[in-house]
Amino acid sequence: MKNGGILTIAISTIVVLTMLSFVPFLEGMRQANQLATLIGWTGPPPKSPLERIRAGETDCRHCNLRGADLPRECVKSGDFTGADLSHTKARYTCMTYTNFTDASFRYADLSGANLGHANLSRADFTGATLKNANIEGANLSTAYGLTQSQIELACADSKTKLPRGLQAVSCS
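This structure is a prediction, so every number in the text was calculated from the model and none was measured.

(A) Quick peek at the pattern of salt bridges. Overall, the coordinates contain six salt bridges when judged by the stated rule. Measuring nitrogen to oxygen at the nearest pair gives 2.5 Å for the salt bridge that ties R91 to D109. Residue R91 is found in the loop between α2 (49-54) and α3 (148-153), and its partner D109 is found in the loop between α2 and α3; the two are separated by 18 residues along the sequence. In this structure R91 comes out as partly exposed when scored by relative accessible area, which is 40%. Overall, the relative accessible area of 12% leaves D109 in the buried class.

Take a look at the structure:
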């Protein structure tokens, strides 16, 4: 019985000492939060669009990726409505089933990129490189800045929707 009582007292003492050492920590945290509020700090700065994509995010509406280097990234099934991807290097990037409505690909290098089944409505492809890009099943019907020579370098199929006057070229 004596040993049990001593053990209980020892454990109680340890618990009390632990709690007493934790109190200054809690007070310090409270003061830090007050200071953060006072100076208007709301947390770490938001990630850049490029950092978000590299972290695996697939939605980047109206984001600015102008001139970004995106080789072999994957944004499958994402939403890039209105995004600026002009002058990007997006070689071998997986962009299948992604919404690129109103996006800009001006002078982007999309060599080997997979744009299969992507929505590219009203996207700007002026000067873009589409060498070996997969556009099978993609909706480019209202895209602009596209030329027949760009389309001839890409891989399309019968489900690819192109602007009037352009002919799909199959790679099979």
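(B) View of the nonpolar core. Formed by 36 residues in total, the largest nonpolar core has its most connected members in F100, F105, L110, L120 and F125. When residues no more than four places from it in sequence are discounted, the contact partners of F105 are L85, S86, F100, L110, L120, A123, D124, F125, T126 and A128.

(C) The arrangement of unusual backbone geometry in detail. Positive phi, close to 55°, is recorded for H62, a residue that is not glycine. Its location among the elements puts H62 in the loop between α2 and α3. Even without being a glycine, Y107 presents a positive backbone phi close to 60°. Relative to the assigned elements, Y107 resides in the loop between α2 and α3.

(D) Representation of the side chain of T98 in the model. Note that T98 resides in the loop between α2 and α3. Within the local environment of T98, its side chain forms a polar contact with the backbone nitrogen of S77, the two atoms lying 3.2 Å apart. Within the structure, the side chain of T98 is placed 3.1 Å from the backbone oxygen of M95, a separation counted as a polar contact. Beyond its immediate sequence surroundings of up to four residues, T98 is in contact with V75, K76, S77, G78, D79, F80, A118 and N119.

Calculation criteria
- Residues numbered from 1 in each chain as written.
- Predicted model: local features only at pLDDT ≥ 70, side-chain atom pairs only at ≥ 80, totals over all residues.
- Heavy atoms only, no water.
- Salt bridge = Lys/Arg side-chain N within 4 Å of Asp/Glu carboxyl O.
- Helix = DSSP H or I, 4+ residues; strand = E, 2+ residues; numbered from the N terminus.
- Buried < 20%, exposed > 50% of the residue type's maximum accessible area, 1.4 Å probe, protein only.
- Core = buried A, V, L, I, M, F, W, Y, C linked by side-chain atoms within 4.5 Å.
- Contact = heavy atoms within 4.5 Å.
- Polar contact = N/O pair within 3.5 Å; in protein donor to acceptor, adjacent residues only side chain to side chain.

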